[in-house]
Amino acid sequence: MLTILNDYLLTRSTQVIDWQRELTCRPALGPENGWQGEEDKAAWISEELKKIGLQEIIQLPCKDDRVVCGFRPNICTKIP
């Protein structure tokens, strides 16, 4: 499985670099660090996963009243 994933990423090096740039510019720090959590970054990641054909994306929010959205996001997907 990892070989398939690595091969996929190697053929899309420009996209991987673009993803890294996008991930880096989106802060994902919790309220203990003065930020509002990871909601924006998790939503972006979920959309990118859908764009590359990974449709079974499972949202696993963890309640946290310290952030505006009320939860800390966790996402999971299955690679076919």
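Relevant structure appears above.
Residues numbered from 1 in each chain as written. Predicted model: local features only at pLDDT ≥ 70, side-chain atom pairs only at ≥ 80, totals over all residues. Heavy atoms only, no water.

**Section: the pattern of salt bridges**
Inspection of the entire model under this criterion finds eleven salt bridges. Linking R21 and D18 is a salt bridge whose minimum nitrogen-to-oxygen distance equals 3.6 Å. You can see R21 and its partner D18 sitting in helix α2 (residues 13-25), three residues apart, about one turn around the helix. When its relative accessible area of 56% is taken as the criterion, R21 is described as exposed. Using a relative accessible area of 40% as the deciding quantity, one classes D18 as partly exposed. Ionic pairing is found between D65 and K63, a salt bridge with its closest N-O pair at 3.2 Å. According to the relative accessible area criterion, D65 is exposed, its value standing at 62%. (Salt bridge = Lys/Arg side-chain N within 4 Å of Asp/Glu carboxyl O. Helix = DSSP H or I, 4+ residues; strand = E, 2+ residues; numbered from the N terminus. Buried < 20%, exposed > 50% of the residue type's maximum accessible area, 1.4 Å probe, protein only.)

**Describing the packing of helix α1 (residues 2-10) against α2**
Viewed as axis vectors pointing N to C, α1 and α2 meet at an angle of 90 degrees, and their least axial separation amounts to 6 Å. Considering their axes alone, α1 and α2 lie roughly perpendicular with respect to each other. Residues Y8, L9 and L10 of α1 touch α2, and the partners they reach there are S13, Q15, V16 and W19. Of the residues belonging to the contact of α1 with α2, the class tally is five nonpolar, two polar and no charged. (Axes fitted to C-alpha atoms, helices over the stretch in contact; angles between N-to-C directions. Parallel < 35°, antiparallel > 145°, perpendicular 65-115°, else oblique. Contact = heavy atoms within 4.5 Å. Nonpolar A, V, L, I, M, F, W, Y, C, P; charged D, E, K, R; others polar.)

**Section: helix α3 (residues 39-51)**
Across its 13 residues, α3 extends 19 Å between first and last C-alpha, which sits within 8% of the 18 Å expected from 1.5 Å per residue. Among the residues of α3, those classed as buried are K41, A42, W44, S46, E48 and L49. Looking at the buried positions of α3, the neighbouring elements they touch are α2, β1 (57-59) and β4 (75-77). Just beyond α3, the residue with positive phi is G53, at close to 95 degrees. (Expected span 1.5 Å × (residues − 1).)

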